Amino acid sequence: MAGYMPGEQPPPGSRVVKLNTNENPWGPPPEVLEAIRAKTMETLRLYPEPTARPVREAAARAYGVTPEQVLVGNGSDDLLTILLRTLLDPGEVFAAPEPTYTLYEPLTRIQGGRYVGIPWGEGLSLPVEALAAAGAKLTMVTRPNAPTGHVVPLEEVARLCRLCLPHGVVVLDEAYGDFAEDNGLPLLPAHPNLVVIRSFSKSLSLAGLRLGLGFMSRELAWEMHKVRDSYNVDQLAQAGAVAALENLGAVARVTARIKAERTRATEALTRRGFTVFPSQANFLLATIPAGRRDGRAWLDDLKGQGILVRYFGSDPRLADKLRITIGTPEEMELLFQAVDRLLADNGGSSPP
Ligand SMILES: *Cc1c(COP(=O)(O)O)cnc(C)c1O
């Protein structure tokens, strides 16, 4: 089988502008590191709290749910694995609108499931009827979606939940939810077959700590607890997670900065001849301008200029597009300068 291909992670200290894996350039609140430092040899000698109870309690306070509705993962990728192992029997269908996050398909195949990708509808709308007709045990809606950055209306997600009853579970992957205008948590009480998953890797700037949160009915959470690794979230991650959840105000200030930079970058790339999808995430999907360079050449030539972006050329729908993470204003300026040099070299028109 073809495995998942993560984005490039150059060694620490490399002099590159890293806009390829949607990390957050601003770093987590300092309280996170203080909480991790407070751990001692004596505490590390012991196993962590098996169900990550302190994290579930902090998440319940932060998001207005009960601790029994929260499942904590070693990254939200771990939650995806737990969901699949809990719910998908061999031969059963996992459905998702495409293009989307490329990890879902290998995870489904590992579980012996059948992956069904259904193209997004007109204007990237949610293909509700086609998804429901797939007869899936698990239907994934990534919101905001990767790599397009778009969101579908929550009413459509609610309609999908109703159509997937009684046997299908709908999962909202909200890895980028904090950068969007709204989110699916308010749908949970009325939709027992809905699961919402969040990641600490993007908005909370903790990709290296590996943390994810799942929100669902207490009954579903109970089944998932039976399936996950007994100690799937280590002590350092639990301590850091609690501190992060107690400092969400600092996170909100950082996401506001990224959203402002997203608007600026959309304008700057559009002026340079790219077509940019409206994004509610911390990245942009940009169609490259016509010229002698194809998508792969843009990727390579930007890398030659010290700028890493992401390219999904094996999907023909994405072959003329680059996915660009929103970095600091300084990093984005370096990107625009590199683009200008390449455009000049293209024999193409220079930006005004
Ligand atoms: C980044 C990402 C994840 C994984 O997040 P981790 O918490 O780092 O495992 C899951 N889903 C989508 C759509 C993502 O972009």
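Here the structure is a predicted model, which is why all the values come from computation and not from measurement.

### Focus on the sheet that holds strand β2 (residues 70–73)
Sheet architecture is open: seven strands sit in the order β2-β8-β7-β6-β5-β3-β4, paired in mixed fashion. Only two strands of the sheet have a single neighbouring strand rather than two, namely β2 and β4 (114–119). Recorded for the sheet is a direction-independent mean angle of 20° between the axes of neighbouring strands.

### Re the pattern of salt bridges
For the coordinates displayed, the defined rule picks out 19 salt bridges. A salt bridge links E57 to R53; its shortest N-O distance comes to 3.0 Å. Note that E57 and R53 are positioned in helix α3 (residues 53–63) at a spacing of four residues, about one turn of the helix. Close ionic contact of R61 with E246 constitutes a salt bridge, the shortest N to O distance being 4.0 Å. With a gap of 185 residues between them, R61 in helix α3 and E246 in the loop between α9 (235–245) and α10 (248–271) connect regions that are remote in the sequence. There is no split in this pair, since R61 and E246 are both exposed. Here the residues in one salt-bridge network are R292, R293, D301 and D345, joined through shared partners.

Scoring rules and cut-offs
- Residues numbered from 1 in each chain as written.
- Predicted model: local features only at pLDDT ≥ 70, side-chain atom pairs only at ≥ 80, totals over all residues.
- Heavy atoms only, no water.
- Pairing = 2+ DSSP bridges.
- Helix = DSSP H or I, 4+ residues; strand = E, 2+ residues; numbered from the N terminus.
- Axes fitted to C-alpha atoms, helices over the stretch in contact; angles between N-to-C directions.
- Salt bridge = Lys/Arg side-chain N within 4 Å of Asp/Glu carboxyl O.
- Buried < 20%, exposed > 50% of the residue type's maximum accessible area, 1.4 Å probe, protein only.

Just distances and angles here, no functional claims.
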